[in-house]
Amino acid sequence: MSYEVVIDIHDVSKTYRYFNTPAERLKQLLFKRNREKNGYFSALSKVSLKVSKGEKVGIIGRNGSGKSTLLQIIAGILTPSSGNVHVKGRVAALLELGSGFNPEFTGKENVFLNGAIFGLTHEQIEEKFDEIVNFSEIGDFINQPVKTYSSGMFVRLAFSVAVHVNPEILIVDEALAVGDVFFQRKCFSKIDELNRDGCTLIYVTHELANLKQVVNRAILLDKGELKFDGSPVDAVNKFYKNVYGIPLHEKKLDDVSDVYPSNSLHLKDRERYGTQFAQIESVIINGADGTVWSGKSLKLKLLIRAKDNVDFLVFGIRVKTKTGIDVFASNTRDEGIILDDLVADSSYEFQLEFENFNLIAGEYFLSLALGSQQGDNYIPVDHRIDAVNLKVLQAEKSTGITNLQPKISITKGASI
Ligand SMILES: Nc1ncnc2c1ncn2[C@@H]1O[C@H](COP(=O)(O)OP(=O)(O)OP(=O)(O)O)[C@@H](O)[C@H]1O
Ligand SMILES: [Mg+2]
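Residues numbered from 1 in each chain as written. Chains lettered and ligands numbered in written order. Predicted model: local features only at pLDDT ≥ 70, side-chain atom pairs only at ≥ 80, totals over all residues. Heavy atoms only, no water.

(A) Highlighting the overall build of the protein. If you tally the helices and strands in the protein, you get eight helices and 18 strands. Evaluated residue by residue, the protein yields a buried proportion of 46% over its 416 residues. Here the contacts in the protein between residues at least 6 apart in sequence split such that 72% fall between residues at least 24 apart. With an accessible surface of roughly 22400 Å², the protein has 52% of that area assigned to carbon and sulfur atoms. (Helix = DSSP H or I, 4+ residues; strand = E, 2+ residues; numbered from the N terminus. Buried < 20%, exposed > 50% of the residue type's maximum accessible area, 1.4 Å probe, protein only. Contact = heavy atoms within 4.5 Å. Areas by Shrake-Rupley, 256 points an atom, 1.4 Å probe, with all protein chains shown as cover.)

(B) Focus on a nonpolar patch on the surface. Among the surface-exposed residues, Tyr16, Tyr18 and Phe41 lie close enough to one another that they form a single nonpolar patch of about 300 Å² accessible area. Position of Phe41 relative to the elements: it lies in strand S2 (residues 39-52). (Patch = residues over 30% accessible without salt bridge, like charges linked within 9 Å, V, L, I, M, F, W, Y side chains within 5 Å. Salt bridge = Lys/Arg side-chain N within 4 Å of Asp/Glu carboxyl O.)

(C) Highlighting the confidence of the model for the protein. Confidence in the prediction for the protein averages 84 pLDDT; 87% of positions are at 70 or higher. This stretch, residues 246-262, has a pLDDT under 50; its non-local contacts, to residues over four places away or in other chains, come to 33 contacts. (pLDDT = per-residue confidence, 0-100.)

(D) Representation of the site of ligand 1 in the model. Around ligand 1, the structure places Tyr16, Phe41, Ala43, Arg62, Asn63, Gly64, Ser65, Gly66, Lys67, Ser68, Thr69 and His206. Take Ser65: an N or O atom from its main chain is 3.1 Å from an oxygen atom of ligand 1. Burial of ligand 1 by the protein chains amounts to 60% of its free accessible area of 640 Å². When contributions to the shell around ligand 1 are tallied by element, the ones reaching two or more residues are S2 and helix H2 (67-75). Ranked by the residues each element gives to the shell around ligand 1, the list is headed by H2, at three residues. Of the residues that constitute the shell around ligand 1, the class distribution is three nonpolar, seven polar and two charged. (Near = heavy atom within 4 Å. Polar contact = N/O pair within 3.5 Å; in protein donor to acceptor, adjacent residues only side chain to side chain. Nonpolar A, V, L, I, M, F, W, Y, C, P; charged D, E, K, R; others polar.)

(E) Representation of helix H4 (residues 122-136) within the structure. Between its first and last C-alpha atoms H4 spans 20 Å; for 15 residues at 1.5 Å apiece the expected length is 21 Å, and the two agree. By the largest-angle criterion, Lys128 marks the main kink of H4, which is about 50 degrees. All buried positions along H4 are accounted for by Ile125, Lys128, Phe129, Ile132, Val133, Phe135 and Ser136. Structurally, H4 contributes buried residues whose contacts are with helix H3 (107-117), helix H5 (151-163) and helix H6 (181-196). Residue Glu137 follows H4 closely and has a positive phi angle near 60 degrees. (Expected span 1.5 Å × (residues − 1). Bend = angle between axes of the 7 residues up to and from the residue.)

Quick look at the structure:
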């Protein structure tokens, strides 16, 4: 691991002036004295960030939180209003769709144009040209003007150029979301390949479920401010909390061992938030000490205690591997199941069964969630993230996440 700092941003702010009406914009241009009437808008305020060579950093936040602004500043396309920016190494940036591409030019002309912007000579681009076109898989369209391309084709070519110019810093703003899933897979594996050679990745995305598989550090921006810098999982959790605006309730559970004396699991959530109008108090399973046999059934009983009424109730469950990969997630709302309202000062038992819990041996985490769907608005009531730790045992030696149980037969001398 190298600790060479390749991006060093200190106290960076970007301010835009805003105008209440187009007429005011004009007046402001014409008459100096009107200037004070309009305000300033901070797209980024006092952001400091150091990134070492080879790090993979995600940037997340709501629409308008300043992500693209920060990327553009790192890429050197935008100058900050104040603060210092030091970026070391060749930067290849995939910013808003097709920036740097001229729609009137053919794909081929754009490859040369773009390559030159990234600092390659004509000869160097010629040398890589076939590789770039092959990777993009756009075939003969390379000789068509890019204005005839679909957005996916556009991204394929732009990405292909960006990764073939030997970037030391690769900046990707959402762009990959446009490609189909097969191309995305190919891009991520190319990114990994570059990263193994020391390329630093800065990646903006709204696809939070997979974030931890792509980056090893994440930054949360909120209204232009850096709110969190740390593990991707923590950043995503903070993001959800910010979005819902509901503070974390630290209050620990009462001892409920008298209710469920045996097989009651120790709930040790990594994160807990919600209104707490109702609480998931305890969980018991059909295996002792949180152990389950692969391929057998897993039954869960949850004790829920409501302090207040909860209507439009939603119950959700998520199963993750120890490394944070989502194995399964679902909730009653998406399954079209309507639950009864919870009534204040009552307790409830929820029962849940996975008929065939076909996971490979290992440690898994269950997150359990109660919420309330108020029209378009989802309000977390008790979200207990990674609350239950399950150990799956199995007799066979297969590896991976789930046992797909293939049936294999071999026939000698088959005619095709
Ligand atoms: N040229 C500009 N003039 C005025 N305001 C701007 C300009 N560019 C960006 N902004 C404002 O700065 C804020 C941050 O914009 P930015 O594009 O960085 O957000 P973002 O986090 O990338 O959002 P998204 O998720 O929608 O892509 C927004 O409120 C936007 O309106
Ligand atoms: Mg953006």
